[in-house]
Amino acid sequence: MNGKQLRNSILQWAIQGKLVPQDPNEEPASVLLERIRAEKAKLVKEKKIKKDKNESIIYRGDDNSYYEKFLATGEVKCIDEEIPFEIPKGWEWSRMGSIGDWGAGATPAKGNTSYYGGNILWLRTGELNNSIVNDTEIKITDKALKECSLRMNKAGDVLIAMYGATIGKVAIAGCELTTNQACCACTPIGIFNYYLFYFLMESQVDFIKKGEGGAQPNISREKLVAHLMPIPPIQEQHRIVERIKDVLPLIDKYALSQIALDELNRSINDKLKKSILQEAIQGKLVPQIVDEGTAQELLEQIKLEKQKLIKDGKLKKSALTDSVIYKGDDNKYFEKIGKTEQDITDEIPFDIPNTWVWVRHNDLFDISGGSQPPKSKFIEREKEGYIRLFQIRDYGSNPQPIYIPLSTASKISQKGDILLARYGASLGKVFYAEYGAYNVALAKVIPLYESRLIFQKYIFLYYCSSIYQNEIVNRSRCAQAGFNKEDLNSLLFPLPPLSEQYRIVEKYEKAIASIMRG
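Nothing here was measured: the structure is a model prediction, and the numbers come from that model. (Residues numbered from 1 in each chain as written. Predicted model: local features only at pLDDT ≥ 70, side-chain atom pairs only at ≥ 80, totals over all residues. Heavy atoms only, no water.)

### Here we look at the packing of aromatic side chains
Let me state the cut-off plainly: Working definition: rings of Phe, Tyr and Trp (its six-membered ring) pair if their centres are within 6.5 Å, and the pair is stacked with planes under 30 degrees apart, edge-to-face with planes over 60 apart, and tilted otherwise. Placement of a positive charge over a ring is assigned whenever Lys NZ or Arg CZ falls within 6 Å of the ring centre and within 35 degrees of the normal to the ring plane.
Evaluated as defined, the whole model comprises 19 aromatic pairs. Through a chain of ring-to-ring contacts, the aromatic side chains of Trp 356, Phe 365, Tyr 458, Tyr 462, Tyr 463, Tyr 468 and Phe 493 assemble into a single cluster. The ring centre of Tyr 194 lies 3.7 Å from the NZ or CZ of Lys 245, which sits over that ring. When the ring centre of Phe 483 is taken as reference, the NZ or CZ atom of Arg 422 above it lies at 6.0 Å.

This is the structure we're talking about:
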């Protein structure tokens with residue numbers, strides 16, 4: 001249960017009479033309502049409020065059904081279907097119109113400058129804050145108040161939004177103010193204003209439902225005054241409000257703690273995934289097995305295959321200028337290219353097992369950036385002679401595929417190829433490709449060998465890991481400029497024996513699946 005749900009539960013208990021105990025010695029709500037009717041009649045006679053033509057008394061009959069009697073006509077009808085829950089003995093049901101004077105505001109003509117810039121607070125529903133309102137952004141003049149049918153609300157009046165996205169939001173006026181037409185105000189008569197305030201807050205979902213169906217949600221003054229409200233004895237209203245005020249700060253603290261816990265729960269999975277991935281890439285996720293050979297032996301096989309590919313004209317001779325990275329007796333790392341040898345200890349991000357080797361990226365892979373035909377070639381449906389164009393913005397979720405003529409697609413990926421995002425906010429993202437063309441914002445990873453001497457899923461893990469993710473940011477010219485293939489040439493790749501690659505991926509995938517299951 002989150003903070004909002006707990007608050008709603010507390011408010012629901014309050015208006016159902018479950019938050020504080022009832023005192024049978026207290027004056028029942030029926031007497032309070034009689035006193036309210038008498039006070040309203042007095043105010044009507046003094047022409048301070050208008051007569052409520054629909055004023056009624058709600059009571060429980062001898063058959064335990066609820067009835068409503070309209071005072072103006074004497075009509076009586078059963079309202080059992082409207083009663084949402086049972087209330088304690090000593091409480092009564094009432095229409096909200098019976099417990100106060102309700103009225104909406106208005107908006108002075110915006111083009112009349114004489115209406116604005118005065119000292120009278122004019123509140124819009126966006127300023128309702130579920131608390132006390134003591135100021136407004138816009139002030140109006142006495143002239144606007146007199147000429148624009150505005151209602152001046154008293155300090156202590158209860159305010160509620162009737163329209164749009166803010167429907168059901170409430171506040172209490174901390175001083176005299178007026179409002180726009182989207183806000184309704186109530187001057188309570190005989191009812192504790194804070195009890196009404198919390199009742200309205202609890203009823204927001206009901207008001208939103210009542211406002212549905214039109215172009216703009218609208219509960220209207222008529223719907224508000226007709227809404228049913230449970231009325232406790234006046235002393236119990238004060239006890240309820242006191243208890244709510246005691247509890248709400250604790251709920252706020254709970255809500256903040258819950259948010260922090262939810263954020264931790266969300267982030268913990270990401271942190272665990274990153275930690276497991278780092279263990280995998282460092283050779284700590286699975287044990288090394290002597291019988292599986294070494295990565296140096298694997299490199300020799302890759303070199304032999306590269307020589308064959310060069311001989312067959314499928315690879316340029318420059319691809320054979322391999323570097324050799326090794327660990328010396330002094331535990332420092334060295335790299336030998338031809339006759340040149342240098343200390344590269346500062347480049348090595350972490351130690352790897354003795355059966356692994358460090359390899360330069362361009363000794364294993366080439367990078368091929370995509371291409372982008374003119375938009376005039378785009379169509380939004382599959383058609384013979386056209387191929388799907390993959391772009392960063394639609395990769396992974398593709399509500400509207402884009403297709404281009406196959407003849408213009410110079411860069412094509414096969415299913416299972418690895419694509420790297422090159423630009424902008426997507427820089428560093430890694431994708432498994434589907435068959436199709438790919439645009440300039442993507443680059444395909446092309447192995448410099450044909451047989452499966454390096455497991456594709458292990459390569460994918462490498463690009464997801466911090467060794468690539470951290471470096472790609474540093475090596476890119478900027479987020480928008482991205483990277484070219486030369487920027488990745490000297491990137492370091494931790495290479496395990498082939499069998500270990502498979503075991504690493506299997507262990508990693510099982511661990512991630514376990515995390516996702518919770």
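### Focus: unusual backbone geometry
Spelled out, the test is: Runs of H or I in DSSP of at least four residues are treated as helices and runs of E of at least two as strands, each being numbered from the N terminus.
The phi dihedral of Asn 130 falls on the positive side, at around 55 degrees, and the residue is not glycine. With respect to the helices and strands, the residue Asn 130 is situated in the loop between β6 (116-123) and β7 (132-133).

### Thoughts on the pairing of strand β18 (residues 365-369)
Here is the rule we go by: Relative accessibility thresholds used throughout: buried, under 20% of the residue-type maximum; exposed, over 50%; partly exposed, between the two (1.4 Å probe, protein chains only). Should DSSP find at least two bridges between two strands, the strands are taken to pair.
Of all 5 residues making up β18, 4 are buried, and the element is well covered by its neighbours. Relative to strand β25 (residues 442-447), β18 is paired through 5 bridges, and the arrangement is antiparallel. Its bridge partner lying in β25, Gly 369 is registered against Ala 443.

### Section: the sheet that holds strand β20 (residues 402-405)
Overall, mixed pairing links the 4 strands, which are arranged β20-β19-β24-β21 in an open sheet. In this open sheet, the two edge strands, each paired with only one partner strand, are β20 and β21 (412-413). In this sheet, strand β24 (residues 436-438) lies alongside strand β19 (residues 386-390) in parallel orientation, the contact comprising 2 bridges. Across the sheet, the residue bridging to Leu 389 is Ala 437, located in β24.

### Observations concerning the pattern of salt bridges
Here is the rule: Each reported salt bridge corresponds to a side-chain nitrogen of Lys or Arg within 4 Å of a carboxyl oxygen of Asp or Glu.
For the structure shown, the criterion picks out 22 salt bridges. Between Lys 42 and Glu 46 there is a salt bridge, with the nearest N and O atoms lying 3.0 Å from each other. Lys 510 is paired through a salt bridge with Glu 506; the nearest N and O atoms lie 3.5 Å apart. With Lys 510 and Glu 506 both in helix α11 (residues 498-517) and 4 residues apart, the pair spans about one turn of that helix. Assessed through its relative accessible area of 55%, Lys 510 is described here as exposed.

### A short note on the sheet that holds strand β23 (residues 430-432)
For clarity, the cut-off: Note on geometry: axes are C-alpha line fits, over the in-contact stretch for helices, and angles between N-to-C directions span 0 to 180 degrees. In what follows, residue pairs with any heavy atoms lying within 4.5 Å of each other are defined as contacts.
The antiparallel open sheet is built from 4 strands, whose spatial order is β18-β25-β22-β23. Strands at the two margins of the open sheet, each flanked by one partner only, are β18 and β23. In this sheet, neighbouring strand axes are inclined to one another by 30 degrees on average, regardless of whether the strands run parallel or antiparallel. Sitting on the sheet, helix α9 (residues 456-464) touches β18, β22 (418-421), β23 and β25, and the angle it makes with β23 is about 160 degrees.

### Quick notes on α9
In an α-helix, one turn spans 3.6 residues; hence positions three or four apart end up facing the same way. Judged by how many residues are buried, α9 sits mostly within the fold: 7 of 9 residues are covered. Three or more residues of α9 are buried, namely Gln 456, Tyr 458, Ile 459, Phe 460, Leu 461, Tyr 462 and Tyr 463.

### Considerations on the environment of Ser 465
Secondary-structure assignment places Ser 465 in the loop between α9 and α10 (466-475). Separated by 223 residues in sequence, Ser 465 and Glu 242 place their C-alpha atoms 55 Å apart. Apart from the residues within four sequence positions on either side, Ser 465 is in contact with Leu 277 and Ile 281.

### Concerning helix α2 (residues 29-45)
Filter applied, for reference: A helix is expected to span 1.5 Å for every residue after the first. Note that the arc is defined by the directions from the helix axis to the C-beta atoms.
Helix length check: α2, at 17 residues, gives a terminal C-alpha distance of 24 Å against a target of 24 Å (1.5 Å per residue), a fit within 8%. Taken together, the buried positions of α2 are occupied by Ala 29, Leu 32, Leu 33, Ile 36, Lys 40 and Leu 43. Projected down its long axis, α2 carries its buried residues within an arc of 95 degrees, all on one side. Where the residues of α2 are buried, they touch β4 (92-95), β5 (100-104), β13 (228-231) and α7 (234-281). In the stretch just after α2, Lys 47 is the one whose phi turns positive, near 60 degrees.

### Considering the layout of surface pockets
As a reminder of what qualifies: Buriedness of a pocket was judged along seven lines, with at least five required to meet protein on both sides within 12 Å; pockets are open sets of points on a 1 Å grid over the protein atoms alone, cavities are sets where a 1.4 Å probe fits but cannot get out, and lining residues have an atom within 4 Å of a point. Grid points are joined across faces, edges and corners, and a volume is the space filled by probe spheres set on the points. Three classes are used: nonpolar for Ala, Val, Leu, Ile, Met, Phe, Trp, Tyr, Cys and Pro, charged for Asp, Glu, Lys and Arg, and polar for all others, with Gly counted as polar.
Taken as a whole, the largest pocket spans an internal volume of roughly 550 Å³. Lys 51, Asp 52, Lys 53, Arg 221 and Val 225 are the residues nearest the centre of the largest pocket, which is lined by 22 residues in total. Counting only elements with at least two residues in the lining of the largest pocket, the list comes to β2 (66-70), β5 and α6 (220-225). Looking at the lining of the largest pocket element by element, the count peaks at 4 residues for β5. Considering only residue class, the lining of the largest pocket consists of 5 nonpolar, 4 polar and 13 charged. Empty space within the second largest pocket amounts to approximately 450 Å³. Forming the walls of the second largest pocket are 21 residues, and the residues nearest its centre are Ser 318, Ala 319, Asn 362, Asp 366 and Asn 489. Listed by contribution, the elements that provide at least two residues to the lining of the second largest pocket are β15 (333-337) and β18. Counting residues per element, the lining of the second largest pocket draws most heavily on β18, which supplies 3 residues. Partitioning the lining of the second largest pocket into residue classes produces 7 nonpolar, 7 polar and 7 charged.

### Quick notes on the side chain of Ser 98
Positionally, Ser 98 belongs in the loop between β4 and β5. Exposure remark for Ser 98: the relative accessible area of 6% places this residue in the buried category. Each residue touching Ser 98, except ones within four places of it in the same chain, is listed here: Ile 36, Lys 40, Glu 55 and Ser 56.

These results come straight from atomic positions and should not be treated as a statement about function.
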